[in-house]
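Topology and contacts: notes
Single-letter residue listing:
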Amino acid sequence: MIVAIDGPAGAGKSTVAAAIAKKQGWQLVDTGAMYRAVAYQALERGVELDDEEAVCQVADGLKFEFRFVDGVNVIYCNGEALRTEIRSAEVSRAASVISAHPRVRRVLVDQQRRVGAERSSVLEGRDIGTVVFPDADVKVFITASSQIRAQRRVEQMREQGQEADFEEVRSEIEARDERDRTRDVSPLKRADDAVEIDTSQMSADEVLARVEGLIDQVQ
Ligand code: DC
């Protein structure tokens, strides 16, 4: 079973993807975390983010795995767990930049297909239903207004003890959406056969129930 969950940052993809994977005992492939891991390694090694060849070499040398640890999905990069270090604003920006390189995407899409084919999986990202697994059993495209997405992000940051300015967060989200939507390769867009769910006025449980209903139809 392959469930593809795409959509812009902060729309609620991760929450619903994690809930489904946990309930069903499936693997959760957080493809955004893979782009973040490449960006993080590139920054660590002082690689120029615009240098596609150099970033590609970084990506080529990384092997990814996902495992739930104490109920939290953790990405392992060459055997090493990456957690908060890939969630900073700097890495978010860098991930958005390096994810526009076609050859970097090709390397990561290959890994996503390999990891996803190992067992039943929920994959969350931007291009799962359009590029990575166009034949996924279930495809959803999750959206929410940028206002709501910024609010959720600010709450999350404050819960984690980080300072957050609403306008700053909103403009960062909008800038990232714009880059993700307008890039030449695999831009963020809904697959023709994906079910769109606008979560602006929905609770997490309502979103979960909706996606579970779609899974039940194909199981
Ligand atoms: O979902 P996220 O915020 O962790 O994603 C980080 C960045 O990676 C974001 O700018 C979009 C990009 N990304 C992508 O281009 N394709 C994916 N399948 C997943 C993420």
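Located above this text is the structure these notes cover.
A brief structural summary. (Residues numbered from 1 in each chain as written. Predicted model: local features only at pLDDT ≥ 70, side-chain atom pairs only at ≥ 80, totals over all residues. Heavy atoms only, no water.)

Around the ligand, a shell composed of 15 residues is seen, among which Arg36, Arg105, Arg126, Asp127 and Arg183 lie nearest. Within the side chain of Thr31, an N or O atom sits 3.0 Å from a nitrogen atom of the ligand. Between an oxygen atom of the ligand and a side-chain N or O atom of Asp180, the distance comes to 3.5 Å. Breaking the shell around the ligand down by element, the ones donating at least two residues are helix H2 (31-44), helix H4 (89-98) and helix H8 (166-182). The greatest single-element share of the shell around the ligand, amounting to four residues, is contributed by H2. Split by residue class, the shell around the ligand holds two nonpolar, five polar and eight charged. (Near = heavy atom within 4 Å. Polar contact = N/O pair within 3.5 Å; in protein donor to acceptor, adjacent residues only side chain to side chain. Helix = DSSP H or I, 4+ residues; strand = E, 2+ residues; numbered from the N terminus. Nonpolar A, V, L, I, M, F, W, Y, C, P; charged D, E, K, R; others polar.)

Our focus in this paragraph is the environment of Arg67. You can see Arg67 is positioned in strand S3 (residues 64-69). Between the alpha carbons of Arg67 and Tyr40 there is a distance of 20 Å; along the sequence they are 27 residues apart.

The phi angle at Asp70 is positive, at roughly 50°, despite the residue not being glycine. Inspection of the secondary structure assignment puts Asp70 in the loop between S3 and strand S4 (72-77). Despite not being glycine, Ser186 shows a phi value in the positive range, around 40°. Overall, the relative accessible area of 17% leaves Ser186 in the buried class. (Buried < 20%, exposed > 50% of the residue type's maximum accessible area, 1.4 Å probe, protein only.)

Contact pair H2 / helix H3 (residues 52-60): the axes reach a minimum separation of 9 Å and the direction vectors enclose 115°. In the crossing of H2 with H3, the sense of the turn from one axis to the other is right-handed. Facing H2, whose interface residues are Val38, Gln41 and Ala42, H3 presents Val55, Val58 and Ala59. (Axes fitted to C-alpha atoms, helices over the stretch in contact; angles between N-to-C directions. Left-handed = near helix turned anticlockwise from the far one by under 90°. Contact = heavy atoms within 4.5 Å.)

As a further point, take the sheet that holds strand S5 (residues 80-82). If you trace the three strands from one edge of the open sheet to the other, you get S3-S4-S5, paired in antiparallel fashion. Strand pairing shows two members of the sheet lacking a second neighbour, S3 and S5, which therefore form its edges. Each strand axis lies, on average, 40° off the axis of its neighbour in the sheet, ignoring direction. Bridge count between S4 and S5: three bridges; the pairing is antiparallel. The residue of S5 that forms the bridge with Cys77 is Glu80. (Pairing = 2+ DSSP bridges.)

What follows concerns the side chain of His101. Relative to the helices and strands, His101 is located in the loop between H4 and helix H5 (102-118). Accessibility expressed as a relative area gives 10% for His101, which makes it buried. In contact with His101, other than residues within four places in its own chain, are Leu49, Asp50, Glu52 and Val55.

Quick look at H4 now. All of the buried residues along H4 are Val91, Ser92, Ala94, Ala95, Ser96 and Ile98. Those residues of H4 that are buried lie in contact with H2, H3, H5 and H8.

What follows concerns the sheet that holds strand S8 (residues 195-198). Across the sheet, which stays open at both edges, the five strands sit in the order S2-S6-S1-S7-S8 with parallel pairing between neighbours. Strands at the two margins of the open sheet, each flanked by one partner only, are strand S2 (27-30) and S8. Across the sheet, the axes of successive neighbouring strands diverge by a mean angle of 20°, strand direction being ignored. With four bridges joining them, strand S1 (residues 2-6) and strand S7 (residues 138-143) adopt parallel strand pairing. Along S7, the bridge assignment pairs Ala4 with Lys139. Where helix H1 (residues 13-24) meets the sheet, its contacts fall on S1, S2, strand S6 (121-125) and S7, and the angle it forms with S6 comes to roughly 175°. Strands S1, S2 and S6 of the sheet are contacted by H5, whose axis makes an angle of about 170° with S2.

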